[in-house]
Amino acid sequence: SITGETVELLEPYLDMEDYNLETAKKVCGNVAGLCSWTQAMAYFYGINKEVLPLKANLALQEGRLAAAQMELNSAQIQLDEKQMELDKVQAMYDAAMKEKQALLDDAEACRRKMNNATALIEGLGGEKLRWTASSKNFQNQIIDLVGNVLLATGFLSYSGPFNQEYRNLLLQLWKKEMDNKKIPYSSNLNLTGMLVDNATVDEWNLQGLPNDDLSIQNGIIVTKASRYPLLIDPQGQGKIWIKNKERNNGLQVNSSFTIFFYV
């Protein structure tokens, strides 16, 4: 209910220096609050005069916003419907493309199998003779297996203390005895190749074992025999090899007596 005229009539009083709460309290404390209230109402009128147009504009803009929101909701509903249709069409397209790719993959796999089968059939023609020879060789190996194992176990059990020359002599004597007993064995038997593979030998060499036949045979006896070996090792090569070979197994070395044991 405050008007501009009322505020204009109040302005001469509001501009007075003694028109304030502190002075009013000195004159009459019971009505001093009216002084502060009139000042606040005049200030409120000035503020409200600027706010009212803003409120009106806000109401207008809110109406426009509501209308725009309704249009947006309607458009969003249409968009959702179209998106659902698009998703269905996209799913059909993806399924068709997946089926197409599966057919292409099957065709390519079939083509590879045909090429491989053709190459295999062409290659098998020349492999018949080799397979026949290999089959015969396998049969001979089966027949000779008992004698070969007998020579290998004899080598592991009895040839350890001897040098290379006497080991070869033992093998010759055993083979002669097996011939008398008609025990078959491979005529070209290589005990080293039978008892250990090349990768293991290479690893032994890296660990310090010499690469000569006698040292490799000694390594086979040490690792394959069931009894604990006694190493006569004046040059210390066997000791170095065993220490390197068993380092990761927790090997402990008594340097005073050169005794090897595990923990």
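Everything numeric in this text was worked out from a predicted model, so none of it was measured. (Residues numbered from 1 in each chain as written. Predicted model: local features only at pLDDT ≥ 70, side-chain atom pairs only at ≥ 80, totals over all residues. Heavy atoms only, no water.)

**Looking at unusual backbone geometry**
Working step 1: Phi at K182 takes a positive value of approximately 60°, unusual for a residue other than glycine.
Working step 2: Positionally, K182 belongs in the loop between helix 4 (164–181) and helix 5 (191–195).
Working step 3: Under the relative-accessibility criterion, K182 is labelled exposed at 75%. (Helix = DSSP H or I, 4+ residues; strand = E, 2+ residues; numbered from the N terminus. Buried < 20%, exposed > 50% of the residue type's maximum accessible area, 1.4 Å probe, protein only.)

**Some words on the domain arrangement of the protein**
It is common to report an interface's size as the accessible area lost on association of the parts.
Working step 1: For the protein, the assigned domains are domain 1 (4–78) and domain 2 (139–246).
Working step 2: When each unit is reduced to the centre of its C-alpha atoms, the spacing between domain 1 and domain 2 is 112 Å. (Domains from an automatic or database assignment.)

**Side note on the UniProt feature "domain: Dynein heavy chain ATP-binding dynein motor region" (unreviewed entry) in the protein**
Working step 1: Here, UniProt's "domain: Dynein heavy chain ATP-binding dynein motor region" (unreviewed entry) annotation points to residues 203–254.
Working step 2: Annotation note: span residues 203–254, helix share 48%, strand share 8%, distance between end C-alpha atoms 25 Å. (UniProt positions renumbered as here; feature names shortened; annotations may be inferred.)

**Notes on the packing of aromatic side chains**
Working step 1: If you walk through the whole model with that rule in mind, you get 2 aromatic pairs.
Working step 2: Ring plane angle 50° and centroid distance 4.6 Å describe the contact between F162 and Y166, whose orientation is recorded as tilted.
Working step 3: Among the residues examined, F162 registers a relative accessible area of 32% and is labelled partly exposed.
Working step 4: With centroids separated by 5.6 Å and ring planes inclined at 70°, the aromatic side chains of W204 and W241 adopt a geometry described as edge-to-face. One end of the pair, W204, is in helix 6 (residues 198–206); the other, W241, is in helix 8 (residues 237–245), and 37 residues separate them in sequence. (Phe/Tyr/Trp six-rings, centres within 6.5 Å; stacked < 30°, edge-to-face > 60°.)

**With respect to the pattern of salt bridges**
Working step 1: This structure, assessed with the given rule, holds 2 salt bridges.
Working step 2: When the shortest N-O distance is used, the salt bridge between E108 and R111 registers 2.5 Å. Of this pair, E108 and R111 both sit in helix 3 (residues 32–158), 3 residues apart, which is roughly one turn of that helix. (Salt bridge = Lys/Arg side-chain N within 4 Å of Asp/Glu carboxyl O.)

**Here we look at a negative patch on the surface**
Working step 1: A surface patch of like charges, here negative, comprises E5, E8, E11 and D15.
Working step 2: Mapped onto the fold, D15 is located in the loop between helix 1 (4–14) and helix 2 (21–27). (Patch = residues over 30% accessible without salt bridge, like charges linked within 9 Å, V, L, I, M, F, W, Y side chains within 5 Å. Areas by Shrake-Rupley, 256 points an atom, 1.4 Å probe, with all protein chains shown as cover. Lys, Arg positive; Asp, Glu negative; His and termini not counted. Charge placed at Lys NZ, Arg CZ, Asp CG, Glu CD.)

**Focus: the UniProt feature "coiled-coil region" (unreviewed entry) in the protein**
Working step 1: With numbering matched to this structure, UniProt assigns "coiled-coil region" (unreviewed entry) to residues 58–113.
Working step 2: Secondary structure across residues 58–113 divides into 100% helix and 0% strand, with the first and last C-alpha atoms of the span separated by 76 Å.

**Topic: the layout of surface pockets**
Working step 1: By volume, the largest pocket is sized at about 780 Å³.
Working step 2: In terms of lining residues, the largest pocket is bounded by 29 residues, among which G160, N218, L230, L231 and I232 are the most central.
Working step 3: Looking at the lining of the largest pocket, the elements that each hand over two or more residues are helix 3, helix 7 (213–224) and helix 8.
Working step 4: Examining the composition of the lining of the largest pocket, we find that 6 residues originate from one element, helix 7, more than from any other. (1 Å grid on protein atoms, 1.4 Å probe; cavity = no way out; pocket = protein on both sides within 12 Å on 5 of 7 lines; lining within 4 Å. Points joined across faces, edges and corners; volume = space filled by probe spheres on them.)

**Details of the side chain of Q207**
Working step 1: Tracing the sequence through the fold places Q207 in the loop between helix 6 and helix 7.
Working step 2: Setting aside anything within four residues of it in sequence, one finds Q207 in contact with I240, W241, N244 and K245. (Contact = heavy atoms within 4.5 Å.)

**Considering the confidence of the model for the protein**
Working step 1: The share of residues in the protein with pLDDT of 70 or more is 95%, and the mean pLDDT across the chain is 84.
Working step 2: Mean pLDDT across the elements of the protein ranges from a minimum in strand 2 (residues 259–262), with 42, to a maximum in helix 6, with 92. (pLDDT = per-residue confidence, 0-100.)

**Things to note about a nonpolar patch on the surface**
Working step 1: Together, F162, Y166, L169 and L173 give the surface a local cluster of nonpolar side chains, amounting to about 350 Å² of exposed area.
Working step 2: By secondary structure assignment, the location of L173 is in helix 4.

**Some thoughts on the environment of G46**
Working step 1: Structurally, G46 is set in helix 3.
Working step 2: Counting along the chain gives 42 residues from G46 to G4, while the straight-line C-alpha distance between them is 9.0 Å.

**So, the side chain of D144**
Working step 1: Mapped onto the elements, D144 comes out in helix 3.
Working step 2: The side chain of D144 is buried and forms no salt bridge, while K175, the nearest opposite charge, is found at 11 Å.
Working step 3: Leave out the neighbours within four places in its chain, and D144 touches P184, Y185 and S186.

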